[in-house]
Amino acid sequence: MPIRTSSARWSGNLTEGSGTIRTGKGGFEGNYSFKSRFEEGEGTNPEELIGAAHAGCFSMAFSKGLADAGHTPTSVETTAKVHLDKTDAGMTVTRIDLETVGDVPGIEDGEFQKIAQGAKENCPISRLLSPGAEITLTARLA
């Protein structure tokens, strides 16, 4: 398997500096700052990028699980809400709420929910993040 690479550059101090985050193949490049991370400033932040990675990984794993069960989805759309909170240990990602909607012809809700839970527990990004952060899932059929 290939090794994935991303990079970041930061200039200046924490509160007044700024930086750029890039993915290795050039698919994404974004500016980030103290305000974009800890307030509501323009730009991205590491937590949004973790959320995007988690939503993408989960959607792929869920689509595979559905197809393996004989229910190829028309689409799976997932949002990840990443909670960054101040704890005794410092700023910490404490929870990620996954919200997914699947357009899956011919599947019953019970089977849909079971496959969604399996994808949540087994996608590589969930396995990476779950020891340190609570991961919740809300799944519904379109």
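Computed from a prediction, not measured in an experiment: that's the story for all the values here.

Colleague: What is the right way to look at the sheet that holds strand β4 (residues 75–87) in this model?
Modeller: Hydrogen bonds along the backbone pair up the strands of a sheet, which may run parallel or antiparallel. Spatial ordering of the open sheet is given by β4-β5-β6, a layout of three strands whose pairing is mixed. Both outer strands of the open sheet, β4 and β6 (134–141), are each paired with one neighbouring strand and no more. Within the sheet, the average angular offset between the axes of one strand and its neighbour, ignoring direction, is 15°. As paired strands, strand β5 (residues 90–103) and β6 are joined by eight bridges and run parallel to one another. Across the sheet, the residue bridging to Asp97 is Thr136, located in β6. Sheet strands touched by helix α2 (residues 46–68): β4, β5 and β6. Its angle to β4, the strand with the most contacts, is close to 145°. On the sheet, helix α3 (residues 109–122) packs against β5 and β6 and is oriented at approximately 150° with respect to β6.

Colleague: Just to check I follow, could you spell out the packing of aromatic side chains for this structure?
Modeller: When we look at a pair of aromatic rings, we describe it by the centre distance and by the angle of the planes. Tallying each qualifying case throughout the model produces four aromatic pairs. Ring geometry for Phe58 versus Phe62: centroids 5.4 Å apart, planes at 35°, classification tilted. One end of the pair is Phe58 and the other is Phe62, both in helix α2 and four residues apart, which spans about a single turn. Comparing Phe58 with Phe62 shows no difference in burial state: the two are buried. An aromatic cluster is built from Phe58, Phe62 and Phe112, whose rings are joined through pairwise contacts.

Colleague: Looking at this model, I keep getting lost on a nonpolar patch on the surface. Mind explaining?
Modeller: There is a patch of nonpolar side chains on the surface, built from Trp10, Leu14, Phe38 and Met91 and spanning about 370 Å² of accessible area. With respect to the element layout, Leu14 can be found in the loop between β1 (6–11) and β2 (18–23).

Colleague: Teacher, can you tell me more about the sheet that holds strand β3 (residues 29–33) here?
Modeller: Read across the sheet, three strands follow the order β1-β2-β3 without closing on themselves; strand pairing throughout is antiparallel. Pairing within the sheet leaves two strands with one partner each, and these edge strands are β1 and β3. The average undirected angle you get between the axes of adjacent strands in this sheet is 20°. The pairing of β2 with β3 spans five bridges and is antiparallel. The partner of Ile21 across the bridge, within β3, is Gly30.

Cut-offs used in this document
- Residues numbered from 1 in each chain as written.
- Predicted model: local features only at pLDDT ≥ 70, side-chain atom pairs only at ≥ 80, totals over all residues.
- Heavy atoms only, no water.
- Pairing = 2+ DSSP bridges.
- Helix = DSSP H or I, 4+ residues; strand = E, 2+ residues; numbered from the N terminus.
- Axes fitted to C-alpha atoms, helices over the stretch in contact; angles between N-to-C directions.
- Contact = heavy atoms within 4.5 Å.
- Phe/Tyr/Trp six-rings, centres within 6.5 Å; stacked < 30°, edge-to-face > 60°.
- Buried < 20%, exposed > 50% of the residue type's maximum accessible area, 1.4 Å probe, protein only.
- Patch = residues over 30% accessible without salt bridge, like charges linked within 9 Å, V, L, I, M, F, W, Y side chains within 5 Å.
- Areas by Shrake-Rupley, 256 points an atom, 1.4 Å probe, with all protein chains shown as cover.
- Salt bridge = Lys/Arg side-chain N within 4 Å of Asp/Glu carboxyl O.

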